[in-house]
Amino acid sequence: MLKKKMKKFFAFAMALVMTMSVMLSCLSVSAFAVTQSEIDALKSQKSQLASQKNSLQSTINSLQGQQNDQIALKNALDEKNAITVKQILNLNEQIELHTQLIEQKTKEVDEAQKVADAQLEKYKVRVRAMEESGRYNYFEVLFGASSIGEFLSLIDDIGDIMRSDKELEDAYRQSVADLKAVKTEYEQAKAEMEDSKTELETLKAQQEKDIAEAASVIASLQGDISSNSSLLSQLSEQEKQLNADIQKKVDELNKQQEANKGNNGSGSTVGTGNLVWPSYCTYITSRQGPRTHPITGEYRNHGGTDIGASYGSAIYAADSGTVVRSADGWNGGWGNYVMIDHGNGMQTLYAHMSSRAVSVGQTVSRGQTIGYVGSTGMSTGAHLHFEMYINGSRIDPQTRYPGVSFTYSASA
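Rules used in this analysis
- Residues numbered from 1 in each chain as written.
- Predicted model: local features only at pLDDT ≥ 70, side-chain atom pairs only at ≥ 80, totals over all residues.
- Heavy atoms only, no water.
- Helix = DSSP H or I, 4+ residues; strand = E, 2+ residues; numbered from the N terminus.
- Buried < 20%, exposed > 50% of the residue type's maximum accessible area, 1.4 Å probe, protein only.
- Contact = heavy atoms within 4.5 Å.
- Areas by Shrake-Rupley, 256 points an atom, 1.4 Å probe, with all protein chains shown as cover.
- Patch = residues over 30% accessible without salt bridge, like charges linked within 9 Å, V, L, I, M, F, W, Y side chains within 5 Å.
- Salt bridge = Lys/Arg side-chain N within 4 Å of Asp/Glu carboxyl O.
- Lys, Arg positive; Asp, Glu negative; His and termini not counted.
- Charge placed at Lys NZ, Arg CZ, Asp CG, Glu CD.
- Phe/Tyr/Trp six-rings, centres within 6.5 Å; stacked < 30°, edge-to-face > 60°.
- Core = buried A, V, L, I, M, F, W, Y, C linked by side-chain atoms within 4.5 Å.
- Pairing = 2+ DSSP bridges.

**Description of the overall build of the chain**
Next, step 1: Counting secondary structure elements, the chain contains six helices and 13 strands.
Next, step 2: Looking at the 412 residues of the chain, the share that counts as buried comes to 42%.
Next, step 3: In the chain, of all internal contacts separated by at least 6 residues, the share reaching a separation of at least 24 is 73%.
Next, step 4: With an accessible surface of roughly 21,200 Å², the chain has 53% of that area assigned to carbon and sulfur atoms.

In structure tokens form, the structure reads like this:
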């Protein structure tokens, strides 16, 4: 009778240990929703950006002492601000991953707590059962055997029970250790997220100062232009050359498309024809058409529409297409810019970006982020300069958005 009871308890204990093992294995699998390697990769990228920025600051420091090269200084400051935008995006991504990780770890802590509580309860039940059956002890059982065969069999049974008791105790200890470990991971994720948030605020404050410094260089350039006609001629010629180069590219693309008509193997990406506005902002600071240039003071044609979006906000591809231009630098005063060929006789151009998110030859989809608003090149403040070409001719982009409601600045 006693032998049967021992066998039944042993079977119950083994089943319990196996059940708890399955629960713990399921708990560990859920931890792969957000991996630490993703966060580590962002941290590595963050370190690289910081190193690039430090190196660039040395260039800025040397240029600040040379009043005769304001354009080079503006380019360096623009590049520094572009890195800052990338740093901000990096930190925002880290914060998002940490938010997901904290949600994940919260669930894991709850599950680990349930496992630990269940293990403790089972362990308590076993201890109480041992206390209640205290009239039996291992020595009494063994020496009460009626034969050598029964004695050896009882030794095996008692060994199984002792092992199952030890496994039950070990399972409980492991569940407590697992609970402590996941709580530590949870607290670490929270601490890292708070650090990232603090660093993000510091970076944004520094960005404001850097943007103001870049704007002051443009103000200084304005002063130089008013007293230096050769500088004005130089800047005007740079812009004319870039406009001519862009027009040449547009004509070239349209000729290729005409030649490829009916050729399904041309591989060109054709837009949907259903355009999306390239920014969250519909506030227009300068329309397409004749105007007085805010920096040079010349009265001439403004080739695109200026959109008063905030610094660092996303710029969207107006339609699907292929990136045919993507460049950093002064670029005739346009700063960092991207040009997309939509494969249907239409091209769009996006200028003064703080940083670009696409490269030449890349296929983009309608509404995809292709860069971020800035004030690079010859610009007095954050905005997006948006141009559109239809069948080789530059047009007012707003005419292609009849359903969009625009508001205008007093000088627009």
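**Observations regarding a negative patch on the surface**
Next, step 1: On the surface, a cluster of negative charge is made up of Glu38, Glu93, Glu96 and Glu103.
Next, step 2: The dominant element in the negative patch, judged by the number of residues it contributes, is helix α3 (residues 70–132), at three residues.
Next, step 3: The topology assignment puts glutamate 103 in helix α3.

**Re the packing of aromatic side chains**
Next, step 1: This structure, assessed with the given rule, holds five aromatic pairs.
Next, step 2: Ring geometry for tryptophan 277 versus tyrosine 401: centroids 4.9 Å apart, planes at 85 degrees, classification edge-to-face. Of this pair, tryptophan 277 sits in the loop between α6 (229–259) and β1 (283–286) while tyrosine 401 is found in the loop between β12 (393–395) and β13 (407–408), placing the two residues 124 residues apart along the sequence.
Next, step 3: Residue classification places tyrosine 401 among the buried residues on the basis of a relative accessible area of 5%.
Next, step 4: Here tryptophan 277 and phenylalanine 406 contribute two aromatic rings whose centre-to-centre distance is 4.8 Å and whose plane-to-plane angle is 65 degrees, an arrangement assigned as edge-to-face. With tryptophan 277 in the loop between α6 and β1 and phenylalanine 406 in the loop between β12 and β13, this pair connects stretches of sequence that are 129 residues apart.
Next, step 5: Judged by relative accessible area, phenylalanine 406 falls into the buried class, the value being 15%.

**Thoughts on the nonpolar core**
Next, step 1: Core analysis: the biggest nonpolar cluster contains 25 residues, and Ile340, Tyr350, Ile370, Phe386 and Tyr401 have the highest contact counts within it.
Next, step 2: Tallying contributions element by element places strand β11 (residues 384–390) first for this core, with four residues.

**Some details on unusual backbone geometry**
Next, step 1: Despite not being glycine, asparagine 331 has its phi angle at roughly 50 degrees, a positive value.
Next, step 2: Tracing the chain through its elements places asparagine 331 in the loop between β6 (321–327) and β7 (336–341).

**Focus: the side chain of aspartate 306**
Next, step 1: Tracing the sequence through the fold places aspartate 306 in strand β4 (residues 305–307).
Next, step 2: Here aspartate 306 is in contact with Tyr283, Ile284, Thr285, Ser286, Arg291, His383, Leu384 and His385, once residues within four sequence places are set aside.

**Thoughts on the pattern of salt bridges**
Next, step 1: Counted according to the given criterion, the structure contains eleven salt bridges.
Next, step 2: Two residues, lysine 105 and glutamate 185, come together in a salt bridge whose shortest N-O distance is 2.5 Å. Here glutamate 185 lies in helix α5 (residues 148–227) and lysine 105 lies in helix α3, a separation of 80 residues in the sequence.
Next, step 3: With relative accessibility at 36%, the residue glutamate 185 sits in the partly exposed group.

**Comments concerning the environment of leucine 56**
Next, step 1: Position of leucine 56 relative to the elements: it lies in helix α2 (residues 36–63).
Next, step 2: Leucine 56 sits 24 residues away from lysine 80 along the chain, and the two C-alpha atoms are 6.7 Å apart.
Next, step 3: Dropping the residues within four chain positions of it, leucine 56 is found in contact with Ala76, Glu79, Lys80 and Ile83.

**Observations regarding the pairing of β1**
Next, step 1: Where β1 lies against β13, two bridges are found, and the strand directions are parallel. Note on β13: the bridge partner recorded for tyrosine 283 is threonine 407.
Next, step 2: Inspection of the sheet shows β1 paired to β4 by two bridges, in the antiparallel sense. Directly across from isoleucine 284, in β4, lies its bridge partner isoleucine 307.

**Quick word on the environment of leucine 221**
Next, step 1: Considering the arrangement of structural elements, one finds leucine 221 in helix α5.
Next, step 2: The class for leucine 221 is buried, based on a relative accessible area of 4%.
Next, step 3: Separated by 152 residues in sequence, leucine 221 and aspartate 69 have C-alpha atoms that sit 9.5 Å apart.
Next, step 4: Among all residues touching leucine 221, those that are not within four sequence positions of it are Gln70, Leu231, Leu235 and Trp330.

**Describing the side chain of glutamate 239**
Next, step 1: As for its placement among the helices and strands, glutamate 239 is situated in helix α6.
Next, step 2: What glutamate 239 contacts, discounting residues up to four positions off in sequence, is Arg300, Gly332 and Trp334.

These results come straight from atomic positions and should not be treated as a statement about function.
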